[in-house]
Amino acid sequence: PGASRPRRAAARVADGLRVGFADAVGGLVVMRAVLGRPRRYLAGVTGFGVYWAGQLLILWAALRAFDESLGPVPMVLAFATGYAATALPLPLGGAGGVEASLAFSLHAVGAELSAATLAVLAYRVVTFWLPILPALLAARGIPRLHNELLPAVRREGAAAAGAEPEALPAAPQAGAGEPRRYTR
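Computed from a predicted structure; not experimentally measured. (Residues numbered from 1 in each chain as written. Predicted model: local features only at pLDDT ≥ 70, side-chain atom pairs only at ≥ 80, totals over all residues. Heavy atoms only, no water.)

The next thing to look at is the packing of aromatic side chains. Tallied over the full model, the rule gives five aromatic pairs. When the ring of Trp52 is compared with that of Phe79, the centres are 4.9 Å apart and the planes differ by 90°; the resulting orientation is edge-to-face. Of the two residues, Trp52 sits in helix 2 (residues 42-65) while Phe79 sits in helix 3 (residues 72-84), which places them 27 residues apart along the sequence. Residue class for Trp52 comes out partly exposed when judged on its relative accessible area of 28%. Here Phe79 falls in the buried class, since its relative accessible area comes to 2%. Where Phe128 meets Trp129, the ring centres are 4.8 Å apart and the plane angle is 85°; that geometry is what we call edge-to-face. Trp129 gets classed as exposed once you look at its relative accessible area, which sits at 52%. Ring pairing ties together the aromatic residues Trp52, Phe79, Tyr83 and Tyr123, which thus form one cluster. Against the face of Phe128 rests Arg124, its NZ or CZ located 5.3 Å from the ring centre. (Phe/Tyr/Trp six-rings, centres within 6.5 Å; stacked < 30°, edge-to-face > 60°. Helix = DSSP H or I, 4+ residues; strand = E, 2+ residues; numbered from the N terminus. Buried < 20%, exposed > 50% of the residue type's maximum accessible area, 1.4 Å probe, protein only. Lys NZ or Arg CZ within 6 Å of the ring centre and 35° of its normal.)

By the definition in use, this model includes three salt bridges. Asp15 is paired through a salt bridge with Arg18; the nearest N and O atoms lie 2.4 Å apart. Of the two residues, Asp15 and Arg18 both sit in helix 1 (residues 4-36), three residues apart, roughly one turn of that helix. In this structure Asp15 comes out as partly exposed when scored by relative accessible area, which is 38%. Among the salt bridges present, the one from Arg124 reaches Glu99, with a minimum N-O distance of 2.7 Å. Taken together, the residues span a long stretch of sequence, with Arg124 in helix 5 (residues 113-139) and Glu99 in helix 4 (residues 97-108) at a distance of 25 residues. Of the residues examined, Arg124 reaches a relative accessible area of 24% and is grouped as partly exposed. Its relative accessible area of 19% is what places Glu99 among the buried residues. (Salt bridge = Lys/Arg side-chain N within 4 Å of Asp/Glu carboxyl O.)

A word on helix 4. Three- or four-residue spacings in an α-helix give side chains the same orientation, since the helix completes a turn every 3.6 residues. If you check helix 4, its first and last C-alpha atoms are 16 Å apart, about what 12 residues at 1.5 Å a residue would give, namely 16 Å. Restricting attention to buried positions, one finds in helix 4 the residues Val98, Glu99, Ser101, Leu102, Ala103, Ser105 and Leu106. Taken together, the buried residues of helix 4 touch helix 2, helix 3 and helix 5. Just beyond helix 4, the residue with positive phi is Gly110, at close to 125°. (Expected span 1.5 Å × (residues − 1). Contact = heavy atoms within 4.5 Å.)

Moving on, we come to the confidence of the model for the protein. Taken over all residues, the pLDDT of the protein has a mean of 82, while the share at 70 or more is 78%. Within the protein, helix 6 (residues 142-161) has the poorest average pLDDT of any element, 74, and helix 2 the best, 93. (pLDDT = per-residue confidence, 0-100.)

The topology assignment puts Glu68 in the loop between helix 2 and helix 3. This buried residue, Glu68, is left without a salt bridge; Arg64 holds the nearest opposite charge, at 7.5 Å. When sequence neighbours within four positions are dropped, the list of residues in contact with Glu68 reads Leu63, Gly110, Ala111, Glu112 and Ala115. (Lys, Arg positive; Asp, Glu negative; His and termini not counted.)

Between its first and last C-alpha, helix 3 extends 18 Å over 13 residues, near the 18 Å set by a 1.5 Å rise per residue. In this structure, the buried side of helix 3 is in contact with helix 2, helix 4 and helix 5.

Let's shift gears to the packing of helix 4 against helix 5. Direction vectors running N to C along helix 4 and helix 5 enclose 135°, while the axes themselves pass 8 Å from each other. Viewed along their axes, helix 4 and helix 5 adopt a mutual orientation that is oblique. Read as a crossing pair, helix 4 and helix 5 show a hand that is right-handed. Seen from helix 4, the contacting residues are Glu99, Leu102, Ala103, Phe104, Leu106 and His107; seen from helix 5, they are Leu113, Ala116, Thr117, Val120, Tyr123 and Arg124. (Axes fitted to C-alpha atoms, helices over the stretch in contact; angles between N-to-C directions. Parallel < 35°, antiparallel > 145°, perpendicular 65-115°, else oblique. Left-handed = near helix turned anticlockwise from the far one by under 90°.)

Below is the structure:
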């Protein structure tokens, strides 16, 4: 039993790496398709820039709230550096690491560290915590949406494969006080 434990752990790591690699390749395939036909996917292509501009605007406003001002080039540099840190595997799921990297990036390009730290905390409240409230309300409709879309997905999959759709599970209906569980 003791010898199989390292093998199981190695298998889990290998599976995780395989899935991570597959997700990365899948993401690149999607990016290639979107950027290869920018007119067809105009909303997706422009969405990247709009998203970053919105994030930078919120960060700039948070800095201004604490009497700190940076030019556009230092802002983009600090934001991109802090954003790149989100791809790093940080301990505890990255709790605080991203915020610290963004605050230190802002400090490195000229902002006072205290103002940068407060601005990053305000920025995270606006960009992360506030959107959670409407998302939690919208999440209540996910099982209904799942059940509405599942027949269409089955039809499209069957048509593409030229076969009958597999029996996919419907979204479970949770009872009062019972958590919803989704499984494949």
